Amino acid sequence: MRTLTRKLSVALLLALAAGPVPVAFAARTTAPDAGDRYVAIRCGKLITGTGEEKSDVTLLIKNGKVELIGEKVELPFPCEVIDASKMVVMPGHVHAHSRLSLLDYQRQGMRADVKVADEFLPGPGAFDAALAAGFTTLQLVAPGASGIPGRCMVVRTADVGDGYVIDDEGAIKANLVNVAQDRRMLSEAIGGAKREIEKVEKARAEFEAKKKAAEEQKKKEEEAKKQQGQAPQGGAPGAPSGGPPNAPPNAPPNAPPSGPKAGDPPKPEEAKPEAKKEETFQPPPIAPQLQPFVDLVQKKPGSSLFVKLGGATTYLHWLEVAKEHEVAHVLYPEVSRAFNWPQAFSGVPGTDLHWVADKVGENKELVVLAPWLSYIQGSIDLVNVPAKFTAAGARVALTPPSDAADVLGAYRFQVAELVKNGMKRADAIAAMTKHAAEAAGVGAELGTLEPGKRANFIVLTADPFDAQASLERVVVEGKVAWTRAPKSRS
Amino acid sequence: MRSSLKMLAALVAAAALALPARAQFAVAEDAPKKPDGSAKPDEKKGEEKKDDKKKDEKKDRWLAILNGDVHTISDGVLRGATLLCKNGKIHALGYGVEVPKEAATIDATGLHLYPGLIAVNSAQVIGAEPLDLTTDVFSYNVTFGLACGWTTIVSGNSAGKLTYGTLDGLLLRSNLLMRMSYQSGDERRRVRDDFENAREFLRKRKLFEQQRAANQPAEEPKPDGVNQEYLKLLGGDAIARFDAFTAEDLRSIAKLVTEYGFKAVVFGATEGWIVAEELGRAGISCVVTPMTPRVERDPRLNRPNGATIENAALLWKGGVKVAVIPATARLGTDGLVERDLRTPTLEAAFAVRGGLPREAAEAALTLNAARVLGIDDRVGSLEVGKDADVILLDGELLDYESFVYYAVVNGRLAYDKAKESLFRDLRPRPSTYQEPKPPEPPKEEAKTEEKKDEGKKEEKKEEGKKEGEGEAKKDGGEKKPDETPKPEEKSALELTS
């Protein structure tokens, strides 16, 4: 009941905010359970994130997912309509490296068994700052700057009915900052996972061999039985039995170990499941710390490594690690920011990442970067690392460097500065949308506005890179999660 | 129908196999032979089609330094010679060296080539142990070190190369020297005991081996209580490092070394000049700082004492291998004032002022430093087979005016003065480095030609000389006649074709 009233109020608010609405609200009267829930957004301009920018189109959403995008869309009957015909709609921002709502502490060593999801207890309004800045998805990363601190998780910034969690077993975060420690730990983790896999394989092979041997033995025994008529049966029940069809003729056994069976020999059904139980291979337990890495090495879908790097040299070390074991990964190198001039003269650290841009591009890396211009190491010459990387062929995801409200709020304008300084607009848009979602491991369902993907988007009064643009609305999975407060409209 | 499909597949497979095989052949043939300018279009295409990474792995890395005065340190000076590096090693050195056309080149006309300098000690220049995991190969120190002439630097007990931008070949060798203290009575007794034990064990083992060879019954000696390090020393597999300054200490070390016959190096050796001949006879090497603060003779001591600038020279005369290290092991920016790793040649020049011959002073920074560390099989001189660590200066090594213009480490150009902001604007000289020529693109050639046109007349002259030698430019030269010589038109043509 309460949710219904809330929704009603939201809809009302919408109606007020949107001004003249061309289509009557029908959604108001229907309960959400009654059928599919449709929302249509008339967009003045739609940035889909796939590289297209369309004017005067309608975005139709069905049950929180994009149904279709078109210029003339026939709306289904119960359909909520949001009018953004003078505004710009783009996918909601994805923050690929956030610690919002989590306690800040350091974790040492190899702890891939620990999940961020275990410590995820968001208070009310925990993500409001992100929401108000246009972020709809956050990747909450494991803490600490050394070792392997745990698994990340992906959340939405607003609870629109399903809770916050999108993925509670996200990428494994690994640090490769202090190379002398971290590289060994990383190699050992991957190597250890390989050993675990070998162990399981070996056990499986042994099991198969045993099973075969048991089968053969059984056959022999059966033959012997046939020859002798009825003969007592040896240690067969302990060992996994052979093909189930052979089981029923096993007949009344007199041997003491098969005591329970002796009670009801004519029932083949009972014998069968028991045999099957014995048959199934029980793999030896894998160390919980290594389980995520086992998944990683086995290339299970969704498993990935989120590698925090230091400077260019650490990337070379990463290449060495990747040469030994190829795993799915996202890179998150530290980019130092070009601060203002007086500080620059007193030894602000510069970046050296652009010197490995060619290699990063050559390997088609997916790199998460802060939207910053940097000083070149040892100088006060500026360099646009994201632009260099995209130009070299890497996939760059731009993500705010911290969770402070003002940093989140400045996100689009910081990206705009990169565009001003040589990054292609299309690359920048992709870095904010498609690649950012890929970096968070949710590229298949988020990041762009395409049919089938979750309808996370923001409504802006002007182009996202325009300093005059202000955020009107944030929609999470088809539901308005944030609307600009009326007082700020003046 | 199905059989025909199979046949088609077989054909395709055969073609696919044939292509790389052919390409391999082309590479193998090109590399050692003198490249004949006539381009083989088919093979080139084949090479293009190959996987890029594979190609990189298979391709030899060539770098030719042309027309420089090569100071080999080990074997005199070759004026206007060519030094050819292959895969990080010196492949050929001398006159009339055939340079493969895919080689990167540096025209060193007017420049002097020396082996990269070796710092036997350093602090906070590259990483600490483990060197290969803690060194930032993009750090400013690496560039700066190269600009000062160093290519090999000892940190902790490992020697590392200043491989700018790559981790390949960063660590040269670890566990270089075995530090020993031989000063107090206690230390001396312990060291001698350990040596005695080790020698005794070796004697017993030798006896055992002889007995076994003679089929006599024998018990194998057990190395219980024997210091393994000392066994290594006696076996000649390790080098001992002493830090000693007074004549007294040096003399006793010389006695010890003579008695047990192991390899030793003394760091410091301020009063080495007094016992130079004893040190020389014992085969001890010394690492000295030629200009130490002057210590006047103490008249209370009834023997020669004190520090002198002639130390290095007198040690050398006594037959000691002398290596030189500046007073401080850091890398500062204070130039001539602060005598640290910034000014290696200054330190060696001081030794010359004290009477050391110039050649010996040059060796003190290169070959002898390598010998001291036991890495002279890899670095220290310009010889075929050694690592291609070369510095190119515009003057003699010990001339205070000389600048390092290029530093080559492991056959890679690691420092190019014209391209680094560090000293770029001081006594500038246009870079003559030319990237290795990929076999395929004629487009690139057009580009380089354009660059050359932009370049100064000097450069053009040098280019001409190079063409005279015939290797580097042949490819472009051969192709020119059938096209118009203008690069713009050529590139346009290439684009359309």
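Just so it is clear, the structure is predicted and the values come from calculations on it, not from any experiment. (Residues numbered from 1 in each chain as written. Chains lettered and ligands numbered in written order. Predicted model: local features only at pLDDT ≥ 70, side-chain atom pairs only at ≥ 80, totals over all residues. Heavy atoms only, no water.)

Asks: Mind showing me how you'd approach the overall build of chain B here?
Replies: Helix and strand content of chain B: 17 helices and 18 strands. In chain B, which comprises 497 residues, the proportion classed as buried is 49%. Contacts in chain B between residues far apart in sequence, at least 24 positions, make up 65% of those at least 6 positions apart. Of the accessible surface of chain B, which amounts to about 24,500 Å², a share of 51% is contributed by carbon and sulfur atoms. (Helix = DSSP H or I, 4+ residues; strand = E, 2+ residues; numbered from the N terminus. Buried < 20%, exposed > 50% of the residue type's maximum accessible area, 1.4 Å probe, protein only. Contact = heavy atoms within 4.5 Å. Areas by Shrake-Rupley, 256 points an atom, 1.4 Å probe, with all protein chains shown as cover.)

Asks: Just to check I follow, could you spell out the sheet that holds strand β19 (residues 479-483) of chain A for this structure?
Replies: Each strand in a sheet pairs with another by means of backbone hydrogen bonds, the pair being arranged parallel or else antiparallel. All names here are of chain A. If you walk across this open sheet you meet the 7 strands as β3-β2-β1-β4-β17-β18-β19, and the pairing is mixed. Each edge of the open sheet carries a strand with a single partner, namely β3 (65-70) and β19. Taking each pair of neighbouring strands and ignoring which way they run, the sheet shows an average axis angle of 30°. Here helix α13 (residues 425-432) sits on the sheet in contact with β1 (38-47), β2 (53-62) and β4 (79-91), set at roughly 150° to β1. (Pairing = 2+ DSSP bridges. Axes fitted to C-alpha atoms, helices over the stretch in contact; angles between N-to-C directions.)

Asks: Just to check I follow, could you spell out the confidence of the model for chain B for this structure?
Replies: In low-pLDDT segments, the atomic positions of the prediction should not be examined closely. Residues and elements named next belong to chain B. Of all residues in chain B, 75% attain a pLDDT of 70 or more, and the chain-wide mean is 81. Between residues 8-56, whose pLDDT stays under 50, and residues either more than four places distant or in other chains, the model counts 39 contacts. Low confidence marks residues 444-497, where pLDDT is under 50. Its contacts with residues over four positions away, or in another chain, come to 54 contacts. (pLDDT = per-residue confidence, 0-100.)

Asks: Please explain the environment of A240(B) as it appears in this structure.
Replies: Residues and elements named next belong to chain B. In this structure, A240 sits in strand β11 (residues 239-244). In sequence terms A240 and V257 are 17 residues apart; their C-alpha atoms lie 9.7 Å from each other. Other than its neighbours up to four places away in sequence, A240 contacts M178, M180, L233, F262, K263, A264 and V265.

Asks: Got a minute to help me understand helix α12 (residues 411-420) of chain A in this structure?
Replies: By the burial criterion, the buried members of α12(A) are Y411(A), R412(A), Q414(A), V415(A), A416(A) and L418(A). Phi for G422(A), located one or two positions after α12(A), is positive at around 110°.

Asks: It is not clear to me how the packing of aromatic side chains should be interpreted in this structure. Could you clarify?
Replies: In this description, a pair of aromatic rings is defined by centroid distance and the angle of the planes. Per the stated rule, a full pass over the model turns up 17 aromatic pairs over all chains. Ring centres 5.7 Å apart and planes at 80° place the aromatic pair F138(B) and Y164(B) in the edge-to-face group. You can see F138(B) sitting in the loop between α4 (131-134) and α5 (140-147) and its partner Y164(B) sitting in the loop between β8 (158-161) and β9 (171-173), a full 26 residues away along the chain. By relative accessible area, F138(B) is classed as buried at 3%. Of note, R412(A) hangs over the ring of F413(A), and the distance from its end group to the ring centre comes to 5.8 Å. (Phe/Tyr/Trp six-rings, centres within 6.5 Å; stacked < 30°, edge-to-face > 60°. Lys NZ or Arg CZ within 6 Å of the ring centre and 35° of its normal.)

Asks: How should the confidence of the model for chain A be read in this particular structure?
Replies: All names here are of chain A. Across chain A, the average pLDDT comes to 82, with 80% of residues at or above 70. Across residues 10-33 the pLDDT falls below 50, and counting only partners more than four positions away or on other chains, this stretch makes 28 contacts in the model. Segment residues 233-274: pLDDT under 50, and 36 contacts once partners within four positions in sequence are set aside and those in other chains are kept.

Asks: Would you take a moment to explain the interface of chain B and chain A for this structure?
Replies: Many descriptions give the size of an interface as the accessible area lost when the pieces come together. If you look at the interface, chain B gives 16 residues, while chain A gives 15 residues. Per-residue buried area on chain B facing chain A is highest for L133(B), F138(B) and L167(B); these three make up 52% of the total on that side. On inspection of chain B and its partner chain A, the count reaches 0 salt bridges. Between the two partners, chain B and chain A, sit 3 residue pairs in polar contact (both at pLDDT 80 or more). Take the side of chain B that touches chain A: its biggest share by element is 3 residues, from α4(B). A class-by-class count of the residues in the side of chain B that touches chain A yields 7 nonpolar, 5 polar and 4 charged. (Buried area = accessible area lost by both parts, 1.4 Å probe. Salt bridge = Lys/Arg side-chain N within 4 Å of Asp/Glu carboxyl O. Polar contact = N/O pair within 3.5 Å; in protein donor to acceptor, adjacent residues only side chain to side chain. Nonpolar A, V, L, I, M, F, W, Y, C, P; charged D, E, K, R; others polar.)

Asks: For this particular structure, what's the right way to read the nonpolar core?
Replies: One recurring pattern in soluble globular proteins: nonpolar side chains tend to sit buried together. Judged by nonpolar contacts, the single largest core of 200 residues is most densely connected at F293(A), L305(A), W318(A), F389(A), F195(B), F242(B) and F262(B). No other element matches the 7 residues that helix α8 (residues 247-260) of chain B contributes to this core. In contact with F293(A), other than residues within four places in its own chain, are M110(A), A112(A), I148(A), I172(A), L186(A), A189(A), I190(A), A193(A) and L305(A). One finds V94(A), F306(A), L366(A) and L446(A) within the second-largest nonpolar core, a separate group that totals 19 residues. (Core = buried A, V, L, I, M, F, W, Y, C linked by side-chain atoms within 4.5 Å.)

Asks: So what exactly am I meant to see when it comes to the environment of F465(A) here?
Replies: All names here are of chain A. Looking at the secondary structure, you find F465 in the loop between β17 (457-460) and β18 (471-476). Separated by 46 residues in the primary sequence, F465 and V419 have C-alpha atoms spaced 8.6 Å apart. Those residues in contact with F465 that lie beyond four places of it in its chain are R412, V415, A416, V419, R425, A428, I429 and M432.

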